[in-house]
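A look at the structure
The primary structure of each chain is shown beneath.
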Amino acid sequence: MNKRTTALSLGITLLVLLAGTVGGSFYMLKYALSPENRGKDMAGSLTYMEEMYPQITPWVDSLQNAHALRDTFITAPDGTRLHAFYARASRPRKETAVIVHGYTDNAIRMFHIGYMYNRSLNYNILLPDLRYSGLSGGNALQMGWLDRKDVMQWIDTAPALFGDSIEAVVHGISMGAATTMMLSGEQLPAYVRCFVEDCGYTSVWEQFSKELKERFGLPPFPLLYTASWLCQWKNGWNFHEASAEKQIARCHKPMLFIHGDKDDFVPTWMVYEVYKAKPDPKALWIVPNAGHATSYLLYPEEYTLRVKRFVEDNLNDRP
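What comes next is a walk through the structure. A quick note: this is a predicted structure, and the numbers were derived from the prediction, not measured.

Points about the overall build of the protein chain
Regarding its fold elements, the protein chain presents twelve helices and eight strands. Dimensions along the principal axes, computed over C-alpha positions, put the protein chain at roughly 85 × 40 × 35 Å. For the protein chain, the share of sequence-separated contacts (at least 6 apart) that also reach a separation of at least 24 residues comes to 75%. By element, 57% of the accessible surface of the protein chain is carried by carbon and sulfur atoms, the whole surface being about 14400 Å². Between the centroid of the 32 positive side chains of the protein chain and the centroid of its 33 negative side chains there is a distance of 5 Å.

Some words on the nonpolar core
Formed by 56 residues in total, the largest nonpolar core has its most connected members in Leu33, Leu126, Tyr201, Val204, Phe208, Trp237 and Phe239. Beyond its immediate sequence surroundings of up to four residues, Leu33 is in contact with Tyr132, Ala140, Leu141, Met143, Phe208, Cys231, Asn235 and Trp237. In this structure, Met49, Ile113, Ile258 and Ala290 belong to the second largest nonpolar core, which totals 40 residues.

So, the pairing of strand 2 (residues 81–87)
Counted residue by residue, strand 2 has six buried out of seven residues, so it is predominantly covered. Across six bridges, the pairing between strand 1 (residues 70–75) and strand 2 is antiparallel. For Thr75, the partnering residue across the bridge sits in strand 2 and is Arg81. The turn joining strand 1 and strand 2, which pair antiparallel and follow one another in sequence, is formed by five residues; a positive phi near 95° is taken by Gly79. Alignment of strand 2 against strand 4 (residues 124–128), held across four bridges, turns out to be antiparallel. Bridging across to strand 4, Phe85 finds its partner in Leu127.

A word on unusual backbone geometry
Cis geometry marks the peptide bond from Phe221 to Pro222, where omega comes out at 5°. Residue Pro281 is reached from Asp280 by a cis peptide bond, and omega for that bond is 0°. Mapped onto the elements, Pro281 comes out in the loop between helix 10 (269–277) and strand 8 (282–287). Phi at Tyr132 is positive, roughly 65°, even though this residue is not glycine. In this fold, Tyr132 is placed in the loop between strand 4 and helix 5 (147–162). For Tyr132, a relative accessible area of 16% puts it in the buried group.

Observations regarding the packing of helix 4 (residues 111–120) against helix 12 (residues 300–315)
One can describe the packing of helix 4 onto helix 12 by two numbers: an axis separation of 11 Å at closest approach and a directional angle of 65°. Here helix 4 runs over helix 12; the crossing is right-handed. Residues Ile113, Met116, Tyr117 and Ser120 of helix 4 lie in contact with helix 12, whose contacting residues are Tyr303, Thr304, Val307 and Val311. Grouping the constituent residues of the contact of helix 4 with helix 12 by class yields six nonpolar, two polar and no charged.

Calculation notes
Numbering of residues begins from 1 in every chain and follows the order in which that chain's sequence is written. The model is predicted, so local features are restricted to residues of pLDDT at least 70 and side-chain atom pairs to those at 80 or more, both for listing and for counting; the totals for chains, interfaces and linings are taken over all residues. The side-chain figures draw on all heavy atoms in the structure; neither hydrogens nor water molecules are used. For the purposes of this entry, the term helix denotes a DSSP run of H or I that reaches at least four residues, the term strand denotes a run of E that reaches at least two, and both are numbered from the N terminus. Two residues form a contact once any of their heavy atoms are found within 4.5 Å. Every accessible area reported is derived by Shrake-Rupley at a probe size of 1.4 Å, with residue values counting cover from the shown protein chains alone. Positive residues here are Lys and Arg, negative ones are Asp and Glu, while His and the chain termini are left out of the count. Note that the charge is assigned to NZ on lysines, CZ on arginines, CG on aspartates and CD on glutamates. To define a nonpolar core, start from buried Ala, Val, Leu, Ile, Met, Phe, Trp, Tyr and Cys residues and group those joined through side-chain atoms within 4.5 Å. Under the scheme applied here, a residue whose accessible area is under 20% of the maximum for its type counts as buried, over 50% as exposed, and between as partly exposed, the area being computed with a 1.4 Å probe on protein chains only. Whether two strands pair comes down to DSSP finding at least two bridges between them. Lines fitted to C-alpha atoms define the axes here, with helix axes fitted over just the stretch in contact, and angles between the N-to-C directions of these axes take values from 0 to 180 degrees. By convention, the crossing between two helices is left-handed when the near helix turns anticlockwise from the far helix through less than a right angle, and right-handed when the turn is clockwise. The nonpolar class holds Ala, Val, Leu, Ile, Met, Phe, Trp, Tyr, Cys and Pro. Asp, Glu, Lys and Arg form the charged class, and all remaining residues, Gly among them, are polar.

This is the structure in structure tokens:
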């Protein structure tokens, strides 16, 4: 084989590899950020939640019968229309929970946490649908990074719903927990007092690296790098910058970390990394025998008691 033929063969091989990498990157981005989304099934989500958490059914029914569970919409700066449910406490209260759902979920799939705050603790609640979820617009999930800005906009809206004297906790699970941590590093109103994050990941890069290896047996290079560049081009953010761990290093408000010791989706080791990165004040609960996002399901009374103690201690503190 002469040099010209060798060079041609090498060039063709490189083009094939490049085409495969680019094609794989588009596939990965669609697979990860625009999957078939159960969060768009509102009726199915409510049925599922009432089967998993039967205690919420009388609460939901009572709110609906009294027209107390309400819809509200805002428009993000890029024109995306965003939806949330909200409900007021049974009597005027300043205590308010902003509750953030997880990956391919929606606000309805956080009704168990809404029940905890509204029914068990008698708080106002605000439950946003993140982008590409529930009744909100958008054509892709944003893994918490762009969502943090949307939740900040919801936080700014909360006083108009519940009164100017509110004191708020932000509570997220899974991707919603990552959103909560990413949010916590931003400049927030003084009435946001504290945070609860339940099984959130350290960063999008580390979570996607873990999934790429487990699901496809592939290393991060080159696919994760090119998919991250593609995400930057399409969505305006990349996998490296979307870091909960970096954001919470800037957070000096109290945060409660919750994580199951049997979590193999967002592995338990991640909570130790984010907990270490967070300055005081902070608290950590490693939940025995709990898998991903099942801590409340397994221990509803203890979960409620731990959250109540942490949040109410910190809502009563003034900055």
